[in-house]
Amino acid sequence: MAVCIAVIAKENYPLYIRSVPTENELKFHYTVHTSLDVVDEKISAMGKAMVDQRELYLGLLYPTEDYKMFRKLHNSYTDIMCNPFYNPGDRIHSRAFDNMVNSMMMQVC
Amino acid sequence: MSRPPGRKQDSHKISRELFVLTYGALVAQLCKDYEKDEDVNSCLDKMGYGIGIRLIDDFLAHSDVKRCRSYSETADMIAQVAFKMYLGVTPSVSCSSAAGNEFSLILDKNPLVDFVEELPVERASLCYCNLLCGVIRGALEMVHLAAEVTFLQDRLKGDAVTEIGITFLRKAEDKKAKKK
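All values derive from a computational prediction rather than experimental measurement.

Caption draft 1: Spotlight on the overall build of chain A. Each helix and strand counted, chain A has four helices and two strands in total. Each helix (α) and strand (β) of chain A, taken in turn from the N terminus, gives the series β-β-α-α-α-α. Across the 109 residues in chain A, those meeting the buried criterion constitute 28%. Look at the contacts in chain A between residues 6 or more apart in sequence, and 53% of them connect residues 24 or more apart. Working note: accessible area of chain A is about 7700 Å², and carbon and sulfur atoms make up 57% of it.

Written out as structure tokens, the structure reads:
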């Protein structure tokens, strides 16, 4: 179960960001931002390796989450990309994507 | 191009994604080129017409169909053979007039809208699949059947189903004319 899910464009701004409503949502946003550095590190370490789905999943900051979750997220993301009315770089406003994210977020009473 | 009739279509399979994305790119570009939804719709219809008048020959060459003797048979042919052959789906057909010249095709699945969740807000009256209407109209015209084909309902616009209405415009006077 996730507490925060974010999709970041290659220009380092968020296309989609959602967190479980708590007081320190900003902390999640900072965590996402700092994780971008880790992503950059991993990408430069990979060199010219073939980018397949397994390698897109660069690893976890903390070894807790499911690979399945990433896969689901990525599949939904590619469906968004295939929408002819979606322009790359736009914020993501999709009910199907929201529903998928909802199913993965932790339920907070 | 001469091909033996009844040849299987399997060797012509191409990627469904590529086809759907191509169609989407076409519609998206038309939306950029034309401000009004009506203009996009009419452009799609014209393009479809151009495809239909050519596709009919391919259809007749590849499907081992007998002559249709009534509008009802024609509508069935479109739904059960043509749609199946080209889009891999089989809409259900119903006759919606006592005169027997108006029919509805209800599409349960529509591959063209695989990746389109809903129409953009500023394109509320866009008939995304209007190309299909033009194709049907053009194909029917080539077998001497004048018809009006429009979308009566569209899931993308929030309706419960996607429904194409075909209205045959006059009795086929020449019964010997080959019907689709």
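Following the structure, the description resumes.
Caption draft 2: Structural detail: the overall build of chain B. From N to C terminus, chain B includes four helices and four strands. For chain B, the N- to C-terminal ordering of α and β elements is α-α-α-β-β-α-β-β. The 180 residues of chain B split such that 43% are buried. Entry remark: accessible area of chain B is about 10100 Å², with carbon and sulfur atoms responsible for 53%.

Caption draft 3: The packing of helix α2 (residues 37-62) of chain B against helix α4 (residues 130-142) of chain B, seen in detail. Residue and element names in this part refer to chain B. Running from N to C, α2 and α4 point in directions that differ by 40 degrees, and their axes come no closer than 6 Å. Comparing their axes, α4 and α2 come out oblique. Crossing hand, α2 versus α4: right-handed. Taking contact as the criterion, the partners of Asn41, Leu44, Asp45, Met47, Gly48, Tyr49, Ile51, Gly52, Ile53, Leu55 and Ile56 in α2 are, on α4, Asn130, Leu131, Cys133, Gly134, Val135, Arg137, Gly138, Ala139, Glu141 and Met142. Per-class residue counts for the contact of α2 with α4 are twelve nonpolar, six polar and three charged.

Caption draft 4: Expanded view of the pattern of salt bridges. All names here are of chain B. Scanning the entire structure with this criterion turns up eight salt bridges over all chains. The salt bridge partner of Arg155 is Asp108, with a shortest N-O separation of 4.0 Å. Note that Arg155 is positioned in the loop between β3 (147-153) and β4 (162-168) and Asp108 in the loop between β2 (102-107) and α4, a separation of 47 residues in sequence. Judged by its relative accessible area of 56%, Asp108 is exposed.

Caption draft 5: Examining the confidence of the model for chain B more closely. Averaged over all residues, the pLDDT of chain B is 88; the fraction at 70 or higher stands at 88%. What the predictor reports for the complex is a pTM of 0.78 with an ipTM of 0.75.

Caption draft 6: Region of the structure containing the sheet that holds β2 of chain B. Residue and element names in this part refer to chain B. Strand order in the open sheet formed by four strands is β1-β2-β4-β3, with antiparallel pairing between adjacent strands. Two strands lie at the open edges of the sheet, namely β1 (92-95) and β3, each paired on one side alone. Taken pair by pair, the neighbouring strands of this sheet meet at an average axis angle of 25 degrees, ignoring direction. Pairing of β2 with β4 involves six bridges; the strand directions are antiparallel. Across the sheet, Glu102 pairs through a bridge with Thr167, a residue of β4. Sitting on the sheet, helix α3 (residues 71-87) touches β1, β2 and β4, and the angle it makes with β2 is about 20 degrees. Across the sheet, α4 touches β3 and β4, and the angle it forms with β3 is around 155 degrees.

Conventions adopted
Residues numbered from 1 in each chain as written. Chains lettered and ligands numbered in written order. Predicted model: local features only at pLDDT ≥ 70, side-chain atom pairs only at ≥ 80, totals over all residues. Heavy atoms only, no water. Helix = DSSP H or I, 4+ residues; strand = E, 2+ residues; numbered from the N terminus. Buried < 20%, exposed > 50% of the residue type's maximum accessible area, 1.4 Å probe, protein only. Contact = heavy atoms within 4.5 Å. Areas by Shrake-Rupley, 256 points an atom, 1.4 Å probe, with all protein chains shown as cover. Axes fitted to C-alpha atoms, helices over the stretch in contact; angles between N-to-C directions. Parallel < 35°, antiparallel > 145°, perpendicular 65-115°, else oblique. Left-handed = near helix turned anticlockwise from the far one by under 90°. Nonpolar A, V, L, I, M, F, W, Y, C, P; charged D, E, K, R; others polar. Salt bridge = Lys/Arg side-chain N within 4 Å of Asp/Glu carboxyl O. pLDDT = per-residue confidence, 0-100. Pairing = 2+ DSSP bridges.

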